Amino acid sequence: MMGAGALALLWAASLLISSGISDCDICPAVKKDVTIFLTGTPEEYVAQVEKYQNNSLILANARKLKDCIDQKLTEEDKEHAVTVLNKIYSSPLC
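A short tour of the structure in this document, coming up. (Residues numbered from 1 in each chain as written. Predicted model: local features only at pLDDT ≥ 70, side-chain atom pairs only at ≥ 80, totals over all residues. Heavy atoms only, no water.)

What follows concerns the overall build of the chain. If you tally the helices and strands in the chain, you get 5 helices and 0 strands. Element order for the chain, N to C, with α for helix and β for strand: α-α-α-α-α. Sorting the 94 residues of the chain into buried and exposed places 31% on the buried side. Long-range pairs, those at least 24 residues apart, make up 63% of the contacts in the chain between residues at least 6 apart in sequence. (Helix = DSSP H or I, 4+ residues; strand = E, 2+ residues; numbered from the N terminus. Buried < 20%, exposed > 50% of the residue type's maximum accessible area, 1.4 Å probe, protein only. Contact = heavy atoms within 4.5 Å.)

Have a look at this one:
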């Protein structure tokens, strides 16, 4: 069963995609960030966040969040989340 964190993540991604943005340039960036969040290492995720934010508190929180997701979600949960996200990304709206 998918954890609450994965469901929240999927909900957030669907909101970004369905928010009426017509050029959807955000989709590739969201896809990369979410994929690294779900499947990457904590170091990879923090490095990705660091591209946008260099605040040490934000980076520490990003690591905590990634560590929490890695502890709470199984590999199967992550695979299911990636599968659903890929379906969202393949939408004509994106």
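Time to look at helix α5 (residues 75-89). Between its terminal C-alpha atoms α5 stretches 21 Å, which fits the 21 Å expected from 15 residues at 1.5 Å a residue. Every buried residue belonging to α5 is among D77, K78, A81, L85, I88 and Y89, and all of these are buried. End-on, the buried residues of α5 take up no more than an arc of 110°, which puts them together on one face. Opposite its buried face, α5 presents the exposed residues E75, E76, E79 and K87, each directed more than 90 degrees away. (Expected span 1.5 Å × (residues − 1). Arc of directions from axis to C-beta.)

Mapped onto the fold, V49 is located in helix α3 (residues 42-50). Residues contacting V49, with those up to four places away along its chain left out, are I58, L59 and A62.

If you check helix α4 (residues 56-72), its first and last C-alpha atoms are 24 Å apart, about what 17 residues at 1.5 Å a residue would give, namely 24 Å. Buried within α4 we find L59, A62, K66 and I69. Buried residues in α4, looked at end-on, bunch into an arc of 85°, giving them a common side. Those residues of α4 that are exposed and aimed more than 90 degrees away from the buried face are S56, L57, K64, Q71 and K72.

Turning next to the pattern of salt bridges. For side chains of opposite charge, pairing can occur when their charged atoms come near one another. Tallying each qualifying case throughout the model produces 4 salt bridges. The partner of D70 in a salt bridge is K66, and the shortest N-O contact between them spans 2.7 Å. Taken together, the positions of D70 and K66, both in helix α4 and 4 residues apart, correspond to about one turn of that helix. Residue D70 is classed as partly exposed on the basis of its relative accessible area, which comes to 28%. When its relative accessible area of 0% is taken as the criterion, K66 is described as buried. In this structure, K78 engages E75 in a salt bridge whose closest nitrogen and oxygen atoms are separated by 3.7 Å. Taken together, the residues span about one helical turn, with K78 and E75 both in helix α5 at a distance of 3 residues. When its relative accessible area of 5% is taken as the criterion, K78 is described as buried. Assessed through its relative accessible area of 54%, E75 is described here as exposed. (Salt bridge = Lys/Arg side-chain N within 4 Å of Asp/Glu carboxyl O.)

Everything listed is a geometric property; what it means functionally is a separate question.
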